[in-house]
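# Architecture at a glance
Residues per chain are reported as follows:
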Number of protein chains: 2
Amino acid sequence: MRIAVLAGGIGGARFLRGVRAACPGDDITGIVNTGDDVTLHGLRICPDLDSVMYTLAGAHDAERGWGRQDESWRIMDEFKQYGAEPSWFALGDLDIATHLVRTRMLDAGYSLSDVTAALCQRWQPGIPLVPMSDERCETHVIVDLEGQRRAVHFQEWWVRYRAGLTAHGFVQVGVDDAKASAGALAALSSAEVVLVAPSNPVVSIGTILGVPGIREALAAGRAPVVGLSPIIGNAPVRGMADACLPVLGVEVSAEGVGRHYGARSSGGILDGWLVHDTDTATVPGVRVRAVPLLMTDDDATAAMVRTALELADARA
Amino acid sequence: MRIAVLAGGIGGARFLRGVRAACPGDDITGIVNTGDDVTLHGLRICPDLDSVMYTLAGAHDAERGWGRQDESWRIMDEFKQYGAEPSWFALGDLDIATHLVRTRMLDAGYSLSDVTAALCQRWQPGIPLVPMSDERCETHVIVDLEGQRRAVHFQEWWVRYRAGLTAHGFVQVGVDDAKASAGALAALSSAEVVLVAPSNPVVSIGTILGVPGIREALAAGRAPVVGLSPIIGNAPVRGMADACLPVLGVEVSAEGVGRHYGARSSGGILDGWLVHDTDTATVPGVRVRAVPLLMTDDDATAAMVRTALELADARA
């Protein structure tokens, strides 16, 4: 079976581990958000792609949630000694090696898709990973800062200010000149089912859907699309979706996110929607099922994936 | 007193420590070779500037001779895992931080002189350090490799092949478009004495002299120029000058190098020439003195410097 998965970073990474566990032998592609990507200290950093790659390879730091196991921070300490800003974005030494390899390849003219494939040669994630786009398409956040309304890079808002500055809106800088990557379009056009990971609906999944070509491919595809709610009760399982959804006027609930995504039959993206077993949701035109949605380990996540595939099959 | 010093890497660094020790309160400038500079893994690397900066700051690894104390090699190991070449040029983690800061500043449009001054803000070498030029002016070496005569970067010849490939010549790539840095010219024009460190006469001092403006500034300056021989007996004290001098038809001896530099009065650069106390040398037009020239510690080096200044004064 051909499965395409839309995924953000840490949540997307855990979800993809579950897909891999649930579907051995199937043809899975991870289409990963690159709206969080940022250039710092001259290094091109792709947090979501790296989280997914490291996590699928088992090389991630499970306790911290992001970055590499057995990481060290010597270069960051040197940056501080040099006064090289910013200092609010932690860069591990091992991680910097990845960024150096990527930056060099990008500077040499390779696409981000090519670079990602090259990095995955080492990590063997078991699932082909493709960026949503090869073009820069960065999420910026409209905030009030030092008395002025201005746009800051998503990472600055997320990491530096811990999403503590009220967001007045999200902007995808570069989106007008961006297009979906060939790998993303190929995966979506050949998919027999599309899964939407329980990632941030605004700055992960929403960003992927904002790339010209992605939403159209979902709408035009024959594959049913099943999403999983990242909201349990009235809070995100992890991350700060509760700081993002209200900006778009979306209720922080499984139903709110389901309705925000909307039914494919009426211009949205969903055929099926999984919510946590303590939640209920009514999404017009979308088949909803409630099951445990906590990704406590690969087995639990695989069970979620199997239910999502059943729901997709029921629709098909 | 205003003193300008032409210097290469490790030998130049030790020599500058001696100048600093011998001349407290004097106005010293180090004009450093950048012909060894190289871009690897997307990082702009200035081995001689860094050797001098680290050594003057006491942050160098005295045993290894180059790079930082307490260095680690995690990123290099990662590069190997990624198959990112070249692997023959060792890059320490702490050192990479320096290269990242430099590369980012250069990419932002700062000159190498500006970048060097910024890095020295942290290291406080006690002596202003200026690159010979702000332009790229890289030493390449003509060799026979895989049956073909070709030019390889100096670092490839020096580090990868340990100068084991016969050199047929040295080329300063970019020299036609290069000019001496403003800092180098200012130091030379205001100097009351110029010292030529016992660095490699071909690929360190020779490279500096090859930059348009340097040799002219020495010739036109009122300051006496005194050099120190890097050759003792018939071998370099360190490094591989014996693999370089014959390429230019220069005898590997203190006299050979002294004659190669030549008297300022006849188109060369020297007024005085210090050779080791076991050597003798006759260089027409140049006052020669023999004293111990082993830079075993800062005191020994400072004694050499004091003798060089006496020789300059005798000439003046």
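Residues numbered from 1 in each chain as written. Chains lettered and ligands numbered in written order. Predicted model: local features only at pLDDT ≥ 70, side-chain atom pairs only at ≥ 80, totals over all residues.

The subject of this paragraph is the sheet that holds strand β8 (residues 169-173) of chain B. By way of backbone hydrogen bonds, the strands of a sheet pair with one another, either parallel or antiparallel. Residue and element names in this part refer to chain B. Reading across from one edge, β7-β6-β8 is the order of the three strands in this open sheet, with antiparallel pairing throughout. Among the strands making up the open sheet, the edge pair consists of β7 (148-153) and β8. For this sheet the average axis-to-axis angle between neighbouring strands, irrespective of direction, equals 35°. In the sheet, strand β6 (residues 138-145) pairs with β8 via five bridges, with the strands oriented antiparallel. Each residue of the ladder has a partner; that of Glu-138, found in β8, is Val-173. (Pairing = 2+ DSSP bridges. Helix = DSSP H or I, 4+ residues; strand = E, 2+ residues; numbered from the N terminus. Axes fitted to C-alpha atoms, helices over the stretch in contact; angles between N-to-C directions.)

Further remarks concern the domain arrangement of chain A. Residues and elements named next belong to chain A. If you check the domain split of chain A, you get domain 1 (2-133 + 176-315) and domain 2 (138-175). Distance from the C-alpha centre of domain 1 to the C-alpha centre of domain 2: 20 Å. Contacts between the two partners involve 18 residues from domain 1, matched on the other side by 14 residues from domain 2. Elements represented by at least two residues in the side of domain 1 that touches domain 2 include exactly α8 (205-210) and α10 (241-244). Across the side of domain 1 that touches domain 2, the residue classes break down as eleven nonpolar, three polar and four charged. (Domains from an automatic or database assignment. Contact = placed C-beta atoms within 7 Å. Nonpolar A, V, L, I, M, F, W, Y, C, P; charged D, E, K, R; others polar.)

Below, the discussion takes up the packing of helix α4 (residues 93-107) of chain A against helix α5 (residues 112-123) of chain A. Residues and elements named next belong to chain A. At their nearest, the axes of α4 and α5 sit 10 Å apart, and the two run at 140° to each other. Regarding the angle of α4 to α5, the classification is oblique. In this structure, α4 meets α5 at a crossing whose hand is right-handed. Judged by residue contacts, Thr-98, Val-101, Arg-102, Met-105 and Leu-106 of α4 engage Leu-112, Val-115, Ala-118 and Leu-119 from α5. Class assignment of the residues belonging to the contact of α4 with α5 gives a composition of seven nonpolar, one polar and one charged. (Parallel < 35°, antiparallel > 145°, perpendicular 65-115°, else oblique. Left-handed = near helix turned anticlockwise from the far one by under 90°.)

What follows deals with the interface of chain A and chain B. How big an interface is tends to be expressed through the accessible area that disappears when the partners come together. Taken together, the contacts link 20 residues of chain A with 20 residues of chain B. Elements with a minimum of two residues in the side of chain A that touches chain B: α3 (74-82) and α4 of chain A. Per element, the largest residue contribution to the side of chain A that touches chain B is nine residues, and it comes from α4(A). For the side of chain A that touches chain B, the class distribution of residues is nine nonpolar, five polar and six charged.

For the match of chain A to chain B, the screw axis carries a shift of 0.0 Å, the RMSD comes to 0.0 Å, and the turn is 180°. What the rotation and shift describe, once combined, is the action of a two-fold rotation axis. Among all residues of chain A, the one whose C-alpha sits closest to the rotation axis is Asp93(A), at a distance of 3.7 Å. When the interface residues of chain A are mapped onto chain B, 100% of them are again interface residues, pointing to one common binding face. (Least-squares fit on C-alpha atoms with pLDDT ≥ 70 in both.)

A few words on helix α4 (residues 93-107) of chain B. Taking 1.5 Å per residue, 15 residues should reach 21 Å; α4(B) reaches 21 Å between its end C-alpha atoms and fits that length. With twelve of 15 residues buried, α4(B) is to be regarded as a mostly interior element. Of the positions making up α4(B), those classed as buried are Asp93(B), Leu94(B), Asp95(B), Ile96(B), Ala97(B), Thr98(B), His99(B), Leu100(B), Val101(B), Arg102(B), Thr103(B) and Met105(B). Against the buried residues of α4(B) lie α3 and α4 of chain A together with β4 (43-45), α2 (47-56), α3 (74-82) and α5 (112-123) of chain B. Once α4(B) finishes, Gly109(B) follows within two positions and takes phi at roughly 105°, a positive value. (Expected span 1.5 Å × (residues − 1). Buried ≥ 20, exposed ≤ 12 C-beta atoms within 10 Å, placed from the backbone.)

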